[in-house]
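A structural walkthrough
Given next are the chains, with one letter for each unit.
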2 protein chains.
Amino acid sequence: TDWVGYKVYLDLAGTLGKGQRRHDSDNREELDRARFALDLAAEGKSVAVVSSGDPGIFAMAAAVLEALESAAKPEWEGIEIQVAPGISAMQAVAAAIGAPLGHDFCVLSLSDLLKPWAVIEQRLLAAAEADLAIAIYNPISKQRTWQLGEARTLLLQKRSPETPVILGRNLGRAGQSLKVCTLAEFNPESADMRTLVIIGSSQTRIIERKYGGVWVYTPRRYD
Amino acid sequence: TDWVGYKVYLDLAGTLGKGQRRHDSDNREELDRARFALDLAAEGKSVAVVSSGDPGIFAMAAAVLEALESAAKPEWEGIEIQVAPGISAMQAVAAAIGAPLGHDFCVLSLSDLLKPWAVIEQRLLAAAEADLAIAIYNPISKQRTWQLGEARTLLLQKRSPETPVILGRNLGRAGQSLKVCTLAEFNPESADMRTLVIIGSSQTRIIERKYGGVWVYTPRRYD
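As a convention, each chain's residues are numbered from 1 in the sequence order in which they are written. Chains and ligands are labelled sequentially in the order written, the chains with letters from A and the ligands with numbers from 1. Local features are withheld for residues below a pLDDT of 70 in this predicted model, meaning they are given only at 70 or higher, and side-chain atom pairs are given and counted only at 80 or more; totals for whole chains, interfaces and linings count all residues. The basis for every side-chain value is the complete set of non-hydrogen atoms in the structure, without hydrogens or water.

1. Considerations on the sheet that holds strand S5 (residues 105–109) of chain B
In a beta sheet, neighbouring strands are held together by backbone hydrogen bonds and run either parallel or antiparallel to one another. Within the open sheet, the 10 strands sit side by side as S8(A)-S7(A)-S9(A)-S6(A)-S5(A)-S5(B)-S6(B)-S9(B)-S7(B)-S8(B). Their pairing is mixed. Each of the sheet's edge strands pairs with one partner strand only, and the pair in question is strand S8 (177–182) of chain A together with strand S8 (177–182) of chain B. For this sheet the average axis-to-axis angle between neighbouring strands, irrespective of direction, equals 15 degrees. Sheet analysis places strand S7 (residues 164–169) of chain A next to strand S9 (residues 195–199) of chain A, joined by 5 bridges and oriented antiparallel. Bridge assignment links Arg169(A) to a residue of S9(A), and that residue is Thr195(A). Paired strands are those between which DSSP finds at least two bridges. In DSSP terms, a helix is any run of H or I states spanning at least four residues, a strand is any run of E spanning at least two, and both are numbered starting from the N terminus. Every axis in this analysis is a line fitted to C-alpha atoms, fitted for helices over the stretch in contact. Angles between the N-to-C directions lie between 0 and 180 degrees.

Below you can see the structure in the form of structure tokens.
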């Protein structure tokens, strides 16, 4: 009966059915949005919290459970919740370029709004030392301008300048783009808040395609 | 026109259309299967290589590109390839229990058939030190019996015995099961080759549900 979500995602989700209502929000304040959805559900509504990608990966599922736990209201206790998984941005980008996440990898958010930069730095270094491919969410925004450049500098200390880097933006939507470069060539300013960045491991390979373009993949075998 | 894949997955994929052919294989020899599919495509067939989960995550997409690169035949050069992403086992398990992959995590295969155990050990320790949630693929098999127990021992050196562990088996299929325990309670023998294991980070939380069962989630905030 009720759709709750960031306006852009609700627009993408399609047309309302008869008797359904839309509740648009901006792309911040996830906890408020989650509480609002829980309140509606407690009134007996059937509520869809709409997220892009997979709601379980840097998206609304954790926010709803956080709201449920941290500010629990007695009337929320009987609410039935189902999480529907989806294709996360890293998977759309990986599929479009080949299989860069075909072997061990890690998935990091570069946003230091909810965690200290020191934690992010430690995670990047650990991933680099363990030679994992890395999928980076929230690489950059208008407020967070230096973090992606700093990540590149850190990774270059541990990983070859020839390491493949993939930048995917708005995959599956209007104006999608996909670029491949090396870590040395990678310019952080070419990313924005809608970009998903994948950094290869030492094993990640670029195959030139005979009729133009490239494939990027990480082999299953580690030598 | 042609479906290629492990028999169990082709059975799950549904009924053939008119004029379509099935090419069953066992669940090994991915490279042979990939070469066979490329040969069929080079003959002009429209070939689907069927994988479970997301073909880009520990599945057939990397094998097809590996075949394409490592033993390239001239007749393969013009083949058009598309990778269709899907819901990987870690996402199905995460959605069924809440949002344990709601923040930074890593994704590791515990199989030492194609990489040395020393590499796996280093990756587990790096993930533990960086306090990442960990999704473990290929945790155990009839041939590989001790690796999951060794992983548990390594993780217990770095992570609290109270850390949540989730075991999901055959999610979305007949006979599915889902269990939650702590790292201390976790018995590696309760997993098999169809089990996906998620180990929480220090932040991962278990919420008791009033009417039975639990939610497990990793908050977006890191304190």
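Read on for the rest.
2. Observations regarding the sheet that holds strand S1 (residues 2–6) of chain A
Residue and element names in this part refer to chain A. Strand order in this open sheet of 3 strands is S2-S1-S3, and the pairing throughout is parallel. This sheet does not close on itself; its edge strands, each paired only once, are strand S2 (21–25) and strand S3 (47–50). Within this sheet the neighbouring strands show an average axis-to-axis angle of 15 degrees, counted without direction. Bridge analysis of S1 against S3 gives 4 bridges, and the strand direction is parallel. Each residue of the ladder has a partner; that of Trp-3, found in S3, is Ala-48. Here helix H2 (residues 30–42) sits on the sheet in contact with S1, S2 and S3, set at roughly 175 degrees to S1. Throughout, a residue-residue contact means that at least one pair of heavy atoms, one from each residue, lies within 4.5 Å.

3. Quick word on the interface of chain A and chain B
The interface of chain A with chain B comprises 58 residues on the first partner and 59 residues on the second. Each of two parts loses accessible area, computed with a 1.4 Å probe, when they are put together; buried area is these two losses added. Overall, the association of chain A and chain B removes approximately 5,400 Å² of surface from exposure, summing both partners, and the carbon and sulfur fraction of that is 59%. Of all residues in chain A, the largest losses of buried area upon contact with chain B belong to Leu114(A), Arg123(A) and Arg220(A), amounting jointly to 15% of the total for that side. By definition, a salt bridge exists where a carboxyl oxygen of Asp or Glu is found within 4 Å of a side-chain nitrogen of Lys or Arg. The partner of Lys210(A) in a salt bridge is Glu77(B), and the shortest N-O contact between them spans 3.1 Å. N or O atoms within 3.5 Å of each other form a polar contact, as long as, within protein, one can give a hydrogen and the other can take it, and as long as residues adjacent in sequence are counted only when both atoms are side-chain atoms. Counting across the interface, chain A meets chain B through 35 residue pairs in polar contact (both at pLDDT 80 or more). Counting residues per element, the ones that place at least two in the side of chain A that touches chain B are H2, helix H3 (60–70), helix H4 (89–97), strand S4 (98–99), strand S5 (105–109), helix H5 (117–129), strand S10 (205–208) and strand S11 (214–217) of chain A. Top element by residues in the side of chain A that touches chain B is H3(A). It accounts for 7 residues. Charged means Asp, Glu, Lys or Arg here, nonpolar means Ala, Val, Leu, Ile, Met, Phe, Trp, Tyr, Cys or Pro, and polar covers whatever is left, Gly included. Per-class residue counts for the side of chain A that touches chain B are 33 nonpolar, 11 polar and 14 charged.

4. Digging into the relation of the copies chain A and chain B
Least squares is the method used to superpose the copies, on C-alpha atoms of residues holding a pLDDT of at least 70 in both. Of the transformation superimposing chain A on chain B, the axial component is 0.0 Å and the angular component is 180 degrees, with the fit at an RMSD of 0.0 Å. Here the copies are linked by what is in effect a two-fold axis. Relative to the rotation axis, the closest C-alpha in chain A is found at Cys106(A), a distance of 1.9 Å. When the interface residues of chain A are mapped onto chain B, 100% of them are again interface residues, pointing to one common binding face.

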